[in-house]
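This is what each chain is made of:
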Amino acid sequence: MSLKISLASDHGGLLLKREILRSLQARGYELADRGCYTEESVDYPDYAGVVCSDVVSGRAERGILVCGTGIGMTIAANKHAGIRAALCHDTFSARTTREHNDSNVLCLGQRVIGTGLALDVVDMWLAGVFAGGRHQARIDKLTRIESTIKSNC
Ligand code: RB5
């Protein structure tokens, strides 16, 4: 398995991030744990930023972000050009967001979902394949929106 995945959490997602790391490590994924490493209170946008920079630069092919609800991480990640972050707490969404949105970052909420289901969501998301076609045209529209915002700044 050669997929390189960058992972991070804030304090509210630390325990679930550790479970995800353990599960993926056992199956030979190449992983970068970008923090946090303790339960000390930290700010989720900082950790989302590091993972998104790994993905946008190509240092990682995918990113996984965990906070208490998953919502803060999703909002923060989607501020970064080139990132399509999806909050998924069920396997249908995890598969479909890969097929339709080519999401490159998965967000989860430790306070929302149990570990067993979260690990299944991660596996489904990693296995999902982008379907292209009409979905690519929609992603191209998103990319154009990003360029318009940039040129208006
Ligand atoms: C931290 O208490 C919490 O606000 C954070 O983990 C996340 O849920 C934010 O969306």
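All residue numbers refer to position in the chain's written sequence, counted from 1. For this predicted model, a pLDDT threshold of at least 70 governs which residues receive local features, and a threshold of 80 or more governs which side-chain atom pairs are given and counted, while totals over whole chains, interfaces and linings are taken from all residues. Each side-chain value is worked out from all heavy atoms of the structure, with water and hydrogens disregarded.

S.K.: Help me get a handle on helix 2 (residues 44-57), residues and values and all.
M.R.: The helix and strand labels rest on DSSP assignments: H or I over at least four residues marks a helix, E over at least two residues marks a strand, and numbering proceeds from the N terminus. Between the first and last residue of a helix there are one fewer steps than residues, each counted as 1.5 Å, and that sum is the expected span. With 14 residues, helix 2 ought to run about 20 Å at 1.5 Å a step, and its terminal C-alpha atoms sit 20 Å apart, in line with that. Accessible area is worked out with a 1.4 Å probe on protein chains only. A residue is then buried under 20% of its type maximum, exposed over 50%, and partly exposed in between. Turning to helix 2, its buried residues are Tyr 47, Ala 48, Gly 49, Val 51, Cys 52, Asp 54 and Val 55. Residues count as neighbours in contact if any of their non-hydrogen atoms are within 4.5 Å of one another. In the core, the buried residues of helix 2 are packed alongside strand 1 (4-9), strand 3 (62-67), helix 3 (71-77) and strand 5 (105-109). Immediately downstream of helix 2, the backbone of Gly 58 shows phi near 90°, a positive value.

S.K.: Any chance you could break down the site of the ligand for me, citing the residues and the numbers?
M.R.: In the neighbourhood of the ligand, the contacting residues comprise Asp 10, His 11, Tyr 44, Cys 67, Gly 68, Thr 69, Gly 72 and Arg 111. Nitrogen and oxygen atoms within 3.5 Å of one another constitute a polar contact, given that in protein one can donate a hydrogen and the other can accept it, and given that sequence-neighbouring residues count only through two side-chain atoms. Gly 68 places a polar main-chain atom, nitrogen or oxygen, 2.8 Å from an oxygen atom of the ligand. Contacts to the ligand include Gly 72, whose backbone N or O atom sits 2.9 Å from an oxygen atom. Using a 1.4 Å probe, accessible areas were evaluated by the Shrake-Rupley method; residue-level cover was limited to the displayed protein chains. When the ligand sits alone it has 290 Å² of accessible area, and the protein chains cover 72% of it. Tallied by class, the residues present in the shell around the ligand amount to 2 nonpolar, 4 polar and 2 charged. Working definition: residue near molecule or strand if any one of its non-hydrogen atoms lies within 4 Å of it. Charged means Asp, Glu, Lys or Arg here, nonpolar means Ala, Val, Leu, Ile, Met, Phe, Trp, Tyr, Cys or Pro, and polar covers whatever is left, Gly included.

S.K.: Break down unusual backbone geometry for me, with residues and values.
M.R.: In terms of backbone geometry, most residues other than glycine have negative phi values and most peptide bonds are trans. The linkage connecting Gly 35 with the following residue, Cys 36, adopts the cis geometry, with an omega of -10°. If you trace the backbone, Cys 36 turns up in the loop between strand 2 (30-33) and helix 2. For Asp 102, which is not glycine, the phi dihedral falls at a positive 45°. For Asp 102, the location among the structural elements is in the loop between helix 4 (91-101) and strand 5.

S.K.: If you had to explain the pattern of salt bridges to someone new, which residues and values would you point to?
M.R.: One speaks of a salt bridge when a side-chain nitrogen belonging to Lys or Arg is within 4 Å of a carboxyl oxygen belonging to Asp or Glu. Here the structure, examined in full by the defined rule, presents 9 salt bridges. Linking Asp 54 and Arg 59 is a salt bridge whose minimum nitrogen-to-oxygen distance equals 2.9 Å. Owing to a relative accessible area of 43%, Arg 59 belongs among the partly exposed residues under this scheme. Linked by salt bridges that have partners in common, Arg 34, Asp 54 and Arg 59 make up one network.

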